[in-house]
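Tertiary structure, described
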Amino acid sequence: MAPAGDILLKVEHLRMRFGGLIAVDDLSFDARAGEITALIGPNGAGKTTVFNCITGFYKPSEGRLSLRHGAPAVWDALETLTDSGQRSVTRSDGALFLLERMPDYLVTDEARVARTFQNIRLFAGMTVLENLLVAQHNKLMLASGYTLLGVLGFPSFTKAERAAIDKARLWLDRVGLLARADDPAGDLPYGAQRRLEIARAMCTDPVLLCLDEPAAGLNPRESGELNDLLLAIRAQHGISILLIEHDMSVVMEISDHVIVLDYGIKIADGAPNDVRNDQKVIAAYLGVPDKDVAKVEAEVGL
Amino acid sequence: MAAHAPKTRVDVGRALKDAGLTALLAFGLFLPLIGFLTVQDFNNNLVLTTRWPLLFSVVAVIAVGRLAYSLVLAPWLAARAQRPVAATPPAWRAFVGRWFTPFAIGFVLVYPPFVILTAGWGGAVKWLDNFGIQVLIYIMLGWGLNIVVGLAGLLDLGYVAFYAVGAYSYALFAKEFGLSFWILLPIAGILASFWGVLLGFPVLRLRGDYLAIVTLAFGEIVRIVLINFVDLTNGYAGISSIPRPTFFGIPFTANDDGFAAVFGLEFTPVYRTIFLYYVILGLALLTAFVTVRLRRLPVGRAWEALREDEIACRSLGINTTNTKLTAFAMGAMFAGFAGSFFAARQGFISPDSFTFMESASIVAIVVLGGMGSQIGVAIAAIAMIGGTEIMRDLDFLKHIFGPTFDPTQYRMLLFGFAMVLIMIWKPRGLISTRDPSVFLKERKTISSDLVGEGRG
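Residues numbered from 1 in each chain as written. Chains lettered and ligands numbered in written order. Predicted model: local features only at pLDDT ≥ 70, side-chain atom pairs only at ≥ 80, totals over all residues.

Description of the sheet that holds strand E7 (residues 113–115) of chain A
Residue and element names in this part refer to chain A. With mixed pairing, the six strands of this open sheet are ordered in space as E7-E8-E9-E3-E10-E11. Whereas interior strands pair on both sides, the edge strands pair on one side only; in this sheet they are E7 and strand E11 (265–270). Between one strand axis and the next, the sheet turns through 15° on average, direction left out of account. This element, helix H9 (residues 220–237), spans strand E3 (36–40), strand E8 (208–212) and strand E9 (240–244) of the sheet and lies at about 150° to E9. (Pairing = 2+ DSSP bridges. Helix = DSSP H or I, 4+ residues; strand = E, 2+ residues; numbered from the N terminus. Axes fitted to C-alpha atoms, helices over the stretch in contact; angles between N-to-C directions. Contact = placed C-beta atoms within 7 Å.)

Shown next as structure tokens:
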């Protein structure tokens, strides 16, 4: 695992343009290993666009998105990697990936960045267990000798599949869905679907987990459980989390570091408490110019 | 309409009015279709004649049918809909589900001796060749297409192209190089799956309707190339006297080194038919076995995941390009096997055997059977193809409709009728539930409401 406190993901001068609309403009921030980094902002601020760029679903118009595996010393290779035109470089002490150069499936497969979606995207007609096995596709594919050994029923594949089921069982237990393992995913209640999507993302063995509004639609008890789950993922697996969230009880309680976007521009970056009291952030959330914040706050009684 | 009304009391006046309206509608519709007939007289002039008795009997049948529906069937359906559904399915269903497959496999294995015993050597050819082999070819094609359409959710309307590639590769290689059926069978499969990948590449980015149109065009392109590439394929005339398969080197001929002579039997062409029957049965069972196996492997699960949600697949690190191409290649390979068998069985092939109608029939079989269901597809193929063959024997209909009546001409009408019925009764096909590929404690079938149909 990457040592805590060091930079894991570096976003530099990210810009995403859709025709005439600039969704994200010159955004730079770092996400540190072993931390929960929250990306917040009003609706339409460009948070999900940033996620889509990081996870390879969009090709950024400009900017560099780099991710580290292993020792922090591999950051030295960043400039050489950028100039070389390669996607990634692997050294004995770690590896460096330029996410903007990778197609989406390789971001998960090689750079090991997993994600969930704002509107849940489970395989509704497949069982809960099958959902978690699909997440381990590449490992199982290799074990099945690209299907050939699997069709013939080689024991190496049977062993790999059993290991995959054990891993799925572990994660189902963690998210409290073990009893429903054989039910179709589409039959689960909303909160359970959210948890299953997180478990599915974790089954890809990520170093960075990107969660797009994991608490949306959850009741207070469920979002409390979600907090515990995310803190446990960080503590026990040392996995860093990048989070988009509107629910401030989640953001303020569990994040180590908050970045605030408004109209595609970063307006604040810091510890949760600093961001909470930032005049620009309050203005953006209230939807008024900076100078009117005190007046509006007085009006609404803050 | 009446079936959906919650009332159970029968309103006779309304039913009569309804039946009258239906009769009027039927009269208007069938007046030009059945009422008038053009025939050539002695001077080769076209003259218009009328068929009033036939027209009125059809209209009467429809009106009485509608009356019976609103008086008897609709109240019964409404009453049934109000009855609570039993929580657990009856025991016989579990029994049928458990024993159907072994029984079906056992039946197809003993089918040839059974037919010979019941129909005799002379009558057996028809039941083995026209019925058994023909149905098995379509079962195999249905199962092959099921991989592409049912599992991966990619609607392929040009599937017959791969069948054609398999047939022509066997025909050309066997005629030009004299290679045996068993060597050419895998070659035909490989060539067909190569063409499957070739089709797959350009259509990877297309989904839904667009994919369907391009695959349809691909099927037509292959057929038109077969027609026009006369130097290679002999165009419309087709390829004839294709070498027939031998029994591991022993030909099925009346000669001294023929099958019958070698095994000390009396010569009859039925031996070849029996052999071909078991070959296509083996190929079809291979298709089923491989598909069942693949479904439980990562690649099969990835196909189904692709049908459910392609974006989620990509977020889990699945290379969707490769996954789609393997689905196309695998489906095409089985069509190639079936095609090379078809060429070997017929001894003659021409582009006429590979029209869009064939693709449409195979898609219809998959849709009627239930996408993704092996047993459903087999039942649909038996009903569709076997039903057509049985129609040839319905000679008694000639006594009713006159000596010029040919029941097989109504094949497409019945196809369409069956489609409409199935779409009303079971919109997702005969067997629409999905069996999970893996389970922890208990295998629960998944209702079709949750299973995705695939959008491309």
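Structural notes on the nonpolar core
Residues and elements named next belong to chain B. Judged by nonpolar contacts, the single largest core of 189 residues is most densely connected at Met-140, Ile-280 and Ala-338. The biggest single contributor to this core is helix H3 (residues 91–151), with 18 residues. Beyond its immediate chain neighbours, meaning those up to four positions away, Ile-280 contacts Ile-133, Leu-136, Ile-137, Met-140 and Phe-341. (Core = buried A, V, L, I, M, F, W, Y, C linked by C-beta atoms within 7 Å. Buried ≥ 20, exposed ≤ 12 C-beta atoms within 10 Å, placed from the backbone.)

A word on the packing of H3(B) against helix H9 (residues 270–295) of chain B
Residue and element names in this part refer to chain B. Orientation of H3 relative to H9, taken along the N-to-C sense of each, is 30°, at an axis distance of 8 Å. What the angle tells us is that H3 and H9 run roughly parallel. Where H3 crosses over H9, the handedness of that crossing is left-handed. Across the contact of H3 with H9, the residue classes tally to 23 nonpolar, six polar and two charged. (Parallel < 35°, antiparallel > 145°, perpendicular 65-115°, else oblique. Left-handed = near helix turned anticlockwise from the far one by under 90°. Nonpolar A, V, L, I, M, F, W, Y, C, P; charged D, E, K, R; others polar.)

Here's the deal with the pairing of strand E2 (residues 46–50) of chain B
Residue and element names in this part refer to chain B. Of all five residues that make up E2, zero are buried, and the element is exposed over most of its length. Where strand E1 (residues 36–40) and E2 come together, five bridges link them in antiparallel fashion. Residue Gln-40 lies in a different strand from E2, and its bridge partner there is Leu-46. Here E1 folds back onto E2 in antiparallel fashion, the turn holding five residues, of which Asn-44 has a positive phi close to 60°.

As for the sheet that holds strand E5 (residues 88–91) of chain A
All names here are of chain A. Read from one edge to the other, the open sheet built from five strands follows the order E2-E1-E4-E6-E5, with strand pairing classed as antiparallel. The open sheet is flanked by strand E2 (21–32) and E5, the only strands paired with a single partner. For this sheet, the mean inter-axis angle between neighbouring strands, taken without regard to orientation, is 10°. Of the strand pairs in this sheet, E5 and strand E6 (residues 94–98) are connected by four bridges, and their pairing is antiparallel. Residue pairing across strands places Val-89 opposite Leu-96, the latter belonging to E6.

Description of the domain arrangement of chain A
Residues and elements named next belong to chain A. By the assigned domains, chain A splits into domain 1 (1–112 + 206–302) and domain 2 (121–204). Here the C-alpha centroids of domain 1 and domain 2 sit 27 Å apart. With eleven residues of domain 1 at the contact, the number on the domain 2 side is nine residues. Among the elements of the structure, helix H3 (104–109), E8 and H9 are those that each provide at least two residues to the side of domain 1 that touches domain 2. Ranked by the residues each element gives to the side of domain 1 that touches domain 2, the list is headed by H9, at three residues. Across the side of domain 1 that touches domain 2, the residue classes break down as seven nonpolar, two polar and two charged. (Domains from an automatic or database assignment.)

Examining H3(B)
Spacing of three or four residues puts side chains on the same side of an α-helix, whose turn is 3.6 residues. Residue and element names in this part refer to chain B. A rise of 1.5 Å per residue sets the reference length of H3, with its 61 residues, at 90 Å; its end C-alpha atoms lie only 29 Å apart and thus fall more than 12% short of the reference. At Gly-120, H3 shows its largest kink, close to 120°. Trailing H3 by a residue or two, Gly-153 shows a phi angle of about 70°, which is positive. (Expected span 1.5 Å × (residues − 1). Bend = angle between axes of the 7 residues up to and from the residue.)

Quick word on the interface of chain B and chain A
With 33 residues of chain B in contact, the opposing surface of chain A contributes 33 residues. Elements supplying a minimum of two residues to the side of chain B that touches chain A: H9, helix H10 (298–308) and helix H11 (310–315) of chain B. In terms of residues, the side of chain B that touches chain A owes the most to one element, H10(B), which gives seven residues. Of the residues contributing to the side of chain B that touches chain A, the split by class is 17 nonpolar, six polar and ten charged.

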